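Listed here are the chains, written in short residue letters.
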Amino acid sequence: MDPFVGTAPAGVPAALRKLYFVRFAFAAVWAALLFATADTLGPVSATLLVIYPLFDVAAAVVDLRAARADGGTAPALFVNIAISSVAVVGLAVAATSGIPAVLRVWGAWAVLSGIVQLVAGARRRKLGGQWPMIVSGAISTLAGASFFASAAGDDASLSNLAGYAFLGGLFFLVSALRLGRARDGV
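On a predicted model such as this, the values are computed, not experimentally measured, just so you know. In this numbering scheme, every chain counts its residues from 1 along its sequence in written order. Confidence filtering applies because this is a predicted model: local features only for residues at pLDDT of at least 70, side-chain atom pairs given and counted only at 80 or more, and all residues used for totals across whole chains, interfaces and linings. Note that the side-chain values use all heavy atoms of the structure and ignore hydrogens as well as water.

**Remarks on the packing of aromatic side chains**
Here the distance between the centres and the angle between the planes together describe a pair of aromatic rings. Only rings of Phe, Tyr and Trp enter the pairing, Trp through its six-membered ring, and a pair is recorded when the two centres are within 6.5 Å. The plane angle decides the type: under 30 degrees is stacked, over 60 is edge-to-face, the rest tilted. Counted according to the given criterion, the structure contains ten aromatic pairs. Arranged with centres 5.6 Å apart and planes meeting at 20°, the rings of tryptophan 30 and tryptophan 106 form a pair that is stacked. Separated by 76 residues along the polypeptide, tryptophan 30 in helix H1 (residues 14–37) and tryptophan 106 in helix H4 (residues 99–123) bring together distant segments of the chain. Across the pair, exposure class does not vary: tryptophan 30 and tryptophan 106 are buried alike. Taking 4.9 Å as the distance between ring centres and 85° as the angle between the ring planes, the aromatic pair formed by tryptophan 106 and tryptophan 109 counts as edge-to-face. Starting at the N terminus, helices and strands are each numbered in turn, a helix being any DSSP run of H or I of at least four residues and a strand any DSSP run of E of at least two. Think of it in three bands: with a 1.4 Å probe and only protein chains considered, a residue is buried below 20% of the maximum accessible area for its type, exposed above 50%, and partly exposed in between.

**Brief notes about the side chain of serine 84**
One can find serine 84 in helix H3 (residues 75–94). Overall, serine 84 belongs to the buried group, its relative accessible area being 0%. In this description, contact between two residues means that some pair of their heavy atoms is separated by no more than 4.5 Å. With residues up to four places along the chain from it excluded, the contact list for serine 84 reads Pro53, Asp56, Val57, Trp109 and Ser113.

**Digging into a nonpolar patch on the surface**
Like-charged residues are merged into a patch within 9 Å and nonpolar side chains (Val, Leu, Ile, Met, Phe, Trp, Tyr) within 5 Å, provided each residue has over 30% relative accessible area and no salt bridge. With residues, only the protein chains shown are counted as cover, and all accessible areas are computed by Shrake-Rupley using a 1.4 Å probe. We define a salt bridge as a side-chain nitrogen of Lys or Arg found within 4 Å of a carboxyl oxygen belonging to Asp or Glu. There is a patch of nonpolar side chains on the surface, built from Phe166, Leu167 and Leu170 and spanning about 220 Å² of accessible area. Note on phenylalanine 166: relative accessible area 35%, which makes it partly exposed.

**A closer look at the packing of H3 against H4**
Axis definition: a line fitted to C-alpha atoms, over the contacting stretch in the case of helices. Angles run 0 to 180 degrees between N-to-C directions. H4 packs onto H3 with a crossing angle of 170° between their chain directions and a minimal axis gap of 10 Å. Between H3 and H4, the angle falls in the class roughly antiparallel. Contacts between H3 and H4 involve Pro75, Ala76, Val79, Asn80, Ile83, Ser84, Ala87, Gly90, Leu91 and Ala94 from the former and Ala101, Val102, Val105, Trp106, Trp109, Leu112, Ser113, Val116, Ala120 and Arg123 from the latter. Three residue categories are used. Nonpolar comprises Ala, Val, Leu, Ile, Met, Phe, Trp, Tyr, Cys and Pro, charged comprises Asp, Glu, Lys and Arg, and polar comprises the others, including Gly. When its residues are assigned to classes, the contact of H3 with H4 shows 15 nonpolar, four polar and one charged. For this classification, under 35 degrees means roughly parallel, over 145 means roughly antiparallel, 65 to 115 means roughly perpendicular, and everything else is oblique.

**With respect to the environment of asparagine 160**
Its location among the elements puts asparagine 160 in helix H6 (residues 159–184). Along the sequence, asparagine 160 and leucine 103 sit 57 residues apart, while their C-alpha atoms lie 9.6 Å from each other.

**Observations concerning the pattern of salt bridges**
In the structure shown here, the tally under the stated rule is one salt bridge. For arginine 23, the salt bridge is made with aspartate 56, and the minimal N-O distance between the two is 2.3 Å. Linking arginine 23 in helix H1 with aspartate 56 in helix H2 (residues 43–69), this pair joins segments that are 33 residues apart in sequence. Here the two residues arginine 23 and aspartate 56 agree in accessibility, since each one is buried.

**What about helix H5 (residues 131–150)?**
With 20 residues, H5 ought to run about 28 Å at 1.5 Å a step, and its terminal C-alpha atoms sit 28 Å apart, in line with that. By the burial criterion, the buried members of H5 are Pro132, Met133, Ile134, Ser136, Gly137, Ser140, Thr141, Ala143, Gly144 and Phe147. One less than the residue count of a helix, multiplied by 1.5 Å, gives the span that helix is expected to have.

**Brief notes about the confidence of the model for the protein chain**
With 85% of its residues at a pLDDT of 70 or more, the protein chain shows a mean pLDDT of 85. Every residue is assigned a pLDDT by the predictor, reflecting its confidence on a scale from 0 to 100. When mean pLDDT is taken per element in the protein chain, H3 scores highest with 94 and H6 scores lowest with 84. Of the regions scoring below 50 in pLDDT, residues 1–13 engages in 23 contacts with residues more than four places distant in sequence or in other chains.

**Considering the environment of serine 146**
Note on placement: serine 146 falls in helix H5. What makes serine 146 partly exposed here is its relative accessible area of 39%. Between the C-alpha atom of serine 146 and that of alanine 108, which follows or precedes it by 38 residues, the distance is 10.0 Å.

Spelled out as structure tokens, the structure:
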């Protein structure tokens with residue numbers, strides 16, 4: 001038995017694993033699109049910036065429903081929904097002010113969301129497949145601080161956000177695969 005996976009209760013919803021696969025696919029496509037448009041802050045990149053936290057809200061709602069169907073509570077998901085909803089509005093406003101403003105809002109969102117992801121992953125350790133989420137939360141927190149700091153630089157760019165999103169997507173992929181292993185008793 002892998003000590004980092006633990007044993008998963010019989011009622012672990014398959015919805016969580018599917019959600020992680022969807023989140024990976026979304027992050028990969030989103031990152032490619034943002035990277036292609038990252039040189040300027042135009043209508044396409046601004047739309048992409050708002051869509052990412054909006055998708056995060058939708059994914060958290062799906063995750064919350066799965067947790068409730070399994071008889072669990074997920075207070076961290078409510079916090080995530082609130083933080084990401086504020087990020088949607090903040091990014092929409094920041095996009096009118098330029099890349100540095102976007103990086104500040106994205107950075108603050110990444111720090112707060114990272115902390116929430118750390119807490120949620122730690123609370124879900126018994127499900128298995130959560131160590132990548134815990135590590136991802138820690139990385140998100142550090143990356144968010146770096147985005148905030150890079151906003152003051154002369155070469156502020158959106159391209160780092162694409163890399164951040166893709167890396168986050170990879171963590172969702174690893175978690176989905178580990179959840180499958182935990183479910184199968186591997």
